[in-house]
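# Structural overview for review
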Amino acid sequence: MVVLEGNPDLILQRSTLVSSEEEVKQAVTRVAQEITATLRQDQPLVLCVMGGGVVFTGQLLPQLVFPLEFGYVQATRYHNRTHGDAQLVWKMKPGEEVRGRTVLLLDDILDEGVTLAEIKAQCLALGASKVVVAVLVEKMLGRVKPIRADFVGLEVPDQYVFGCGMDAYGWWRNLPAIYAMQGEA
Ligand SMILES: O=P(O)(O)OC[C@H]1O[C@H](OP(=O)(O)OP(=O)(O)O)[C@H](O)[C@@H]1O
Ligand SMILES: Nc1nc2[nH]cnc2c(=O)[nH]1
């Protein structure tokens, strides 16, 4: 078996394109328009879910044409691997600043939904008045998830995807398009 983990060039060679840079750009612009139409009066607190959410957030924020405040949370359960642990590990929890606010969570991917469900629950437990979720991609699993996204850029197949903030064994978050790793679901 070929070990891809420490070999970013081989990872890319053995992957297939899922969404081009142009498709990603168009999806982000559409999501920005949808969010603007929905939240323009809310003065939301926008929280990027680091680290995967960083590219989506960077592309989206300048296209949101209403007043907002910005911060971030950080939690991981995949640890640069292709399957997640049951338990989420927090690196930066939401704080008191969410109380009474409309919170907009921005993340790269809604897969099984464990991560965003827990972050949303934390925000609500801290007194957020509303929590709205936007993701660059949602993975089509064909089963019920513990959370639904309010805004979705693109749907991706049930394969391990990377690029646009999403990693492949820690590599390639910087790619402007989205790829699927061969042989990894
Ligand atoms: O819907 P789920 O199955 O819970 O998976 C989605 C989460 O997985 C990734 O985070 P990861 O744990 O890889 O941390 P990262 O943001 O540092 O990449 C991604 O950024 C999402 O937050
Ligand atoms: N990079 C990446 N992170 C994920 N987190 C949950 N699913 C995925 C995935 O398919 N790719």
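Remember, predicted model here, so these are calculated numbers, not experimental data. (Residues numbered from 1 in each chain as written. Chains lettered and ligands numbered in written order. Predicted model: local features only at pLDDT ≥ 70, side-chain atom pairs only at ≥ 80, totals over all residues. Heavy atoms only, no water.)

### Things to note about the packing of aromatic side chains
In the structure shown here, the tally under the stated rule is 1 aromatic pair. Taking 5.8 Å as the distance between ring centres and 25° as the angle between the ring planes, the aromatic pair formed by F162 and Y179 counts as stacked. Placement of F162 in strand β8 (residues 161–162) and of Y179 in strand β9 (residues 178–181) is noted, with a sequence separation of 17 residues between them. Y179 gets classed as partly exposed once you look at its relative accessible area, which sits at 21%. (Phe/Tyr/Trp six-rings, centres within 6.5 Å; stacked < 30°, edge-to-face > 60°. Helix = DSSP H or I, 4+ residues; strand = E, 2+ residues; numbered from the N terminus. Buried < 20%, exposed > 50% of the residue type's maximum accessible area, 1.4 Å probe, protein only.)

### Examining the sheet that holds β8
Reading across from one edge, β1-β9-β8 is the order of the 3 strands in this open sheet, with antiparallel pairing throughout. The sheet is open, and its two borders are formed by β1 (15–19) and β8, each paired with just one other strand. Summarising the sheet, β1 and β9 pair through 4 bridges and their orientation is antiparallel. In the strand pairing of β9, T16 is matched with A180. (Pairing = 2+ DSSP bridges.)

### With respect to the UniProt feature "domain: Phosphoribosyltransferase" (unreviewed entry) in the chain
The feature "domain: Phosphoribosyltransferase" (unreviewed entry), as given by UniProt, occupies residues 22–165 in the numbering adopted here. Across residues 22–165, helical content stands at 26% and strand content at 31%; the span's end C-alpha atoms are separated by 16 Å. (UniProt positions renumbered as here; feature names shortened; annotations may be inferred.)

### A few points about unusual backbone geometry
Negative phi is the rule for most residues except glycine; trans is the rule for most peptide bonds. Cis geometry marks the peptide bond from M50 to G51; its omega dihedral reads -5°. With respect to the element layout, G51 can be found in the loop between β2 (45–50) and α3 (54–60). Not every positive phi belongs to a glycine, and H79 is a case in point at roughly 50°. Considering the arrangement of structural elements, one finds H79 in the loop between β3 (69–76) and β4 (89–92). By relative accessible area, which is 32% here, H79 ends up partly exposed.

### As for the side chain of K139
Tracing the backbone through its elements, the reader meets K139 in strand β6 (residues 130–139). What makes K139 buried here is its relative accessible area of 3%. Here Q159 takes part through its backbone oxygen, which lies 3.0 Å from a polar atom of the side chain of K139. Sequence-distant contacts of K139, defined by excluding residues within four places in its chain, comprise I109, L110, D111, K145, V156, P157, D158, Q159 and Y160. (Polar contact = N/O pair within 3.5 Å; in protein donor to acceptor, adjacent residues only side chain to side chain. Contact = heavy atoms within 4.5 Å.)

### Focus on helix α2 (residues 21–39)
When the terminal C-alpha atoms of α2 are compared, their 26 Å separation across 19 residues agrees well with the 27 Å that a helix rising 1.5 Å per residue should span. Among the structural elements, β1, α3, β5 (102–110), β6, β7 (151–156) and β9 are those in contact with the buried residues of α2. (Expected span 1.5 Å × (residues − 1).)

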